[in-house]
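The chain contents come next:
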Amino acid sequence: MPPADLALDLQFGTFAGAARHQALLPRAKVRRWVGMALQRPAEIAVRIVGEAEGRALNAQYRRKDYATNVLTFDYAREPVVSADLVLCAPVVEREAREQGKPLVAHYAHLLVHGALHAQGYDHETGERDALEMEALEILLLGALGFPNPY
């Protein structure tokens, strides 16, 4: 599946260690990873944030008082996918360490995961949907040169 046409806005919040995450996530890589998961043209903003911003957004929009790894705000799916993907750098880093995987691989996985959510895939609607989404993530990450994230 070749990457779809993608207008990407890549942003980094202000948080401790932001420069290291910014160096790890050059625009071309993020564009390739997100683009690989898209099935139609898209306008997507990716924002890498610290714990405080991640927690505030999760509390405001999901009523959960903690920072999560990725939040997907999908605004439109047709004719152009329009979404914001917000990744909380400290959470992503902690999870990568706990799972014994390179940080860059975990970022790639979560960006693919978020892009799939933006197109309507949902692993929380049932076992079949979860298996479909996971299988697609494994396939896409393999095509990008990353191992099975599960």
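Structure first, text after, so check above.
This section reports on the structure supplied with the text.

Observations concerning the overall build of the protein
Scanning the protein for helices and strands turns up 6 helices and 4 strands. Starting at the N terminus and walking to the C terminus, you meet the elements of the protein as β-α-α-β-α-β-β-α-α-α. The globule rule puts the C-alpha radius of gyration for 150 residues at 15 Å, and the 14 Å found for the protein is close to it. Its C-alpha atoms give the protein principal-axis dimensions of roughly 35 × 30 × 30 Å.

Quick word on the nonpolar core
Ranked by size, the top nonpolar core spans 42 residues in total, and within it V34, I44, V46, I48, L87 and Y107 carry the most contacts. Of all elements in the fold, only β1 (6-12), α2 (27-37), β2 (42-49), β4 (81-88), α4 (89-99), α5 (103-118) and α6 (127-143) reach the threshold of two or more residues within this core. In this view, V46 contacts L8, D9, L10, Q11, V30, V34, L85, L87 and L111; residues no more than four positions away in its chain are not counted. Ranked by size, the runner-up nonpolar core spans 8 residues in total, among them V49, A67, L71 and V91.

Conventions used here
- Residues numbered from 1 in each chain as written.
- Predicted model: local features only at pLDDT ≥ 70, side-chain atom pairs only at ≥ 80, totals over all residues.
- Heavy atoms only, no water.
- Helix = DSSP H or I, 4+ residues; strand = E, 2+ residues; numbered from the N terminus.
- Rg over C-alpha atoms; globule rule 2.2 N^0.38 Å.
- Core = buried A, V, L, I, M, F, W, Y, C linked by side-chain atoms within 4.5 Å.
- Buried < 20%, exposed > 50% of the residue type's maximum accessible area, 1.4 Å probe, protein only.
- Contact = heavy atoms within 4.5 Å.

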